[in-house]
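This is what each chain is made of:
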Amino acid sequence: MGAWSTRIFDDDGAADIRGEYRILLGYGVPPQEAYQKIEEYFLPDYQGEDDEDVYWLSIALFQWQNGILLDEVKQRAVECIDNESYLERWKDSGEKTYQKRKKYWKN
């Protein structure tokens, strides 16, 4: 796991997703088209994996922060939050980190 803290964008994958999304929007790519390009490039690496939440939460947070949150993305992010199995990988980081992520997760 390439995470250096429990916050969503403090993860290598999430930071990459956000960075590429920013670039596309910065070049004037319309939000829906930018999302489709991000999805095509990044989702195959995450789909069905134990860190799929990284993809959905980073996309949802970025879209929300930029006023372009899609309903389908919001729904998938909420599903990830409701599925506590995504928290399991944080147990390897120690109880303190696990509890911090769990608290952050539910806020």
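These numbers come from a predicted model, not from an experiment.

## Quick word on the overall build of the protein chain
Then step 1. In terms of helices and strands, the protein chain carries 5 helices and 0 strands.
Then step 2. In the protein chain, the succession of α and β elements from N to C terminus is α-α-α-α-α.
Then step 3. Residue burial in the protein chain is summarised as follows: out of 107 residues, 37% are buried.
Then step 4. Taking the intrachain contacts of the protein chain between residues at least 6 apart in sequence as the baseline, contacts between residues at least 24 apart amount to 53%.
Then step 5. Carbon and sulfur atoms make up 46% of the accessible area of the protein chain, which totals about 6500 Å².

## So, the nonpolar core
Then step 1. Judged by nonpolar contacts, the single largest core of 25 residues is most densely connected at Ile17, Tyr21, Tyr35, Ile38, Tyr55, Trp56 and Ile59.
Then step 2. Elements represented by at least two residues in this core include exactly helix 1 (12-26), helix 2 (31-46), helix 3 (52-65) and helix 4 (71-82).
Then step 3. Considering each element in turn, this core owes the most residues, 8 residues, to helix 3.
Then step 4. Apart from residues lying up to four places away in sequence, Tyr21 is in contact with Pro31, Ala34, Tyr35, Ile38, Ile59, Phe62, Gln63 and Ile68.

## A closer look at the packing of helix 1 against helix 2
Then step 1. One way to put it is that helix 1 packs onto helix 2 with a least axis distance of 9 Å and a crossing angle of 155°. Classified by the angle between their axes, helix 1 and helix 2 sit roughly antiparallel to one another. Of the two possible hands of crossing, helix 1 and helix 2 adopt the one that is right-handed. Contacts between helix 1 and helix 2 involve Gly13, Ala14, Asp16, Ile17, Glu20, Tyr21, Leu24 and Leu25 from the first element and Pro31, Ala34, Tyr35, Lys37, Ile38, Phe42 and Tyr46 from the second.
Then step 2. Tallied by class, the residues present in the contact of helix 1 with helix 2 amount to 11 nonpolar, 1 polar and 3 charged.

## Observations concerning the pattern of salt bridges
Then step 1. A full pass over the atoms with the stated rule returns 2 salt bridges.
Then step 2. For the salt bridge of Glu52 with Arg76, the shortest nitrogen-to-oxygen distance reads 3.1 Å. Of this pair, Glu52 sits in helix 3 while Arg76 sits in helix 4, and the two are 24 residues apart along the sequence.
Then step 3. Taking the shortest distance from any N to any O, the salt bridge between Arg76 and Glu79 comes out at 3.5 Å. Note that Arg76 and Glu79 are positioned in helix 4 at a spacing of 3 residues, about one turn of the helix.

## Focus on helix 2
Note that an α-helix has 3.6 residues per turn; residues three or four places apart therefore point the same way.
Then step 1. When the terminal C-alpha atoms of helix 2 are compared, their 21 Å separation across 16 residues agrees well with the 22 Å that a helix rising 1.5 Å per residue should span.
Then step 2. Burial in helix 2 covers these residues: Ala34, Tyr35, Ile38, Phe42, Leu43 and Tyr46.
Then step 3. The inward-facing, buried residues of helix 2 contact helix 1, helix 3 and helix 4.
Then step 4. Looking one or two residues beyond helix 2, the residue adopting positive phi is Gly48, at roughly 80°.

The rules behind the values
Residues numbered from 1 in each chain as written. Predicted model: local features only at pLDDT ≥ 70, side-chain atom pairs only at ≥ 80, totals over all residues. Heavy atoms only, no water. Helix = DSSP H or I, 4+ residues; strand = E, 2+ residues; numbered from the N terminus. Buried < 20%, exposed > 50% of the residue type's maximum accessible area, 1.4 Å probe, protein only. Contact = heavy atoms within 4.5 Å. Areas by Shrake-Rupley, 256 points an atom, 1.4 Å probe, with all protein chains shown as cover. Core = buried A, V, L, I, M, F, W, Y, C linked by side-chain atoms within 4.5 Å. Axes fitted to C-alpha atoms, helices over the stretch in contact; angles between N-to-C directions. Parallel < 35°, antiparallel > 145°, perpendicular 65-115°, else oblique. Left-handed = near helix turned anticlockwise from the far one by under 90°. Nonpolar A, V, L, I, M, F, W, Y, C, P; charged D, E, K, R; others polar. Salt bridge = Lys/Arg side-chain N within 4 Å of Asp/Glu carboxyl O. Expected span 1.5 Å × (residues − 1).

Fair warning: the whole summary comes from geometry, so function is off the table for now.
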